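Below, each chain spelled out in residue letters.
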Amino acid sequence: METTFGEYIKTLRTEKGYTLSQLADSLNIDTANLCKIESGKREFDLKRLPDLCRIFNLDKSIMENLLSCLSDEEKSDSARTGRVFRIAGQAGFDDVEKK
């Protein structure tokens, strides 16, 4: 079974020792919304991806793993996919590869 984007965020959060509330505060979102993101009931706002990378000190390979967790539907949405890679570039990951 593939890991969802929200599950990946939850894994990162727990491995780094952040509570749900701490990460939500760092991302400037509501704790309930982050809980929904982690459980797959709400999409993560990709404009917050650079913040997530900075919070967890993510490098290029981890950014690629995050992007690979996007659902097939999200990947097929060319506007959304393009936005993901523009955001990756803004986060300093200009050479992130599309999977």
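Owing to the predicted nature of the structure, the values given are computational and were not obtained by experimental measurement.

Engineer: Help me understand the overall build of the protein in this model?
Structural biologist: The helix and strand tally for the protein stands at seven helices and zero strands. Taken from the N to the C terminus, the helices and strands of the protein come in the order α-α-α-α-α-α-α. Within the protein, buried positions represent 37% of all 99 residues. Of the roughly 5900 Å² that the protein leaves accessible, carbon and sulfur atoms contribute 43%.

Engineer: What should I look at first to understand the side chain of Arg-13 in this one?
Structural biologist: With respect to the secondary-structure elements, Arg-13 resides in helix 1 (residues 5-15). A relative accessible area of 9% places Arg-13 in the buried class. Excluding residues within four positions of it along the chain, Arg-13 makes contact with Tyr-18, Thr-19, Leu-20, Leu-23, Glu-38 and Phe-56.

Engineer: Mind showing me how you'd approach the nonpolar core here?
Structural biologist: Note that soluble globular proteins tend to have their nonpolar side chains buried in a common cluster. Membership of the largest hydrophobic core comes to 17 residues, with the highest contact counts inside it found for Ile-9, Leu-23, Phe-44 and Leu-52. Elements that contribute at least two residues to this core include exactly helix 1, helix 2 (20-27), helix 3 (31-38) and helix 4 (49-56). Those residues within four positions of Ile-9 in sequence are excluded, and the remaining contacts are Leu-23, Leu-34, Ile-37, Glu-38, Phe-44 and Leu-52.

Engineer: Explain the packing of aromatic side chains here, please?
Structural biologist: Where two aromatic rings form a pair, the distance of their centres and the angle of their planes describe that pair. According to the stated counting rule, one finds one aromatic pair in the structure shown. Aromatic side chains Tyr-18 and Phe-56 sit 5.4 Å apart centroid to centroid with 85 degrees between the ring planes, which places their arrangement in the edge-to-face category. Here Tyr-18, found in the loop between helix 1 and helix 2, pairs with Phe-56, found in helix 4; they are 38 residues apart in sequence, far enough to count as distant. On the accessibility criterion, Tyr-18 (27% relative accessible area) is partly exposed.

Criteria and thresholds
- What you see as residue numbers is a count from 1 along each chain, following the sequence as written.
- Local features in this predicted model are restricted to residues of pLDDT 70 or higher, and side-chain atom pairs are both shown and tallied only at a pLDDT of 80 or more, whereas totals for entire chains, interfaces and linings draw on every residue.
- Side-chain numbers here rest on the full set of heavy atoms in the structure, without hydrogens or water.
- Secondary structure elements follow DSSP: runs of H or I no shorter than four residues count as helices, runs of E no shorter than two count as strands, and numbering proceeds from the N terminus.
- Any residue under 20% of the maximum accessible area for its type is buried, any over 50% is exposed, and the rest in between are partly exposed; the area is computed with a 1.4 Å probe on protein chains only.
- In these tables, accessible area is a Shrake-Rupley quantity obtained with a 1.4 Å probe, and a residue counts as shielded only by the protein chains included in the view.
- For this analysis, residues touch if any pair of their heavy atoms sits within 4.5 Å.
- Only buried residues count toward a nonpolar core. Its members are Ala, Val, Leu, Ile, Met, Phe, Trp, Tyr and Cys residues joined through side-chain atoms within 4.5 Å.
- Aromatic rings from Phe, Tyr and Trp, taking only the six-membered ring of Trp, are treated as a pair when their centres fall within 6.5 Å; an angle between ring planes under 30 degrees marks them as stacked, one over 60 as edge-to-face, and anything in between as tilted.

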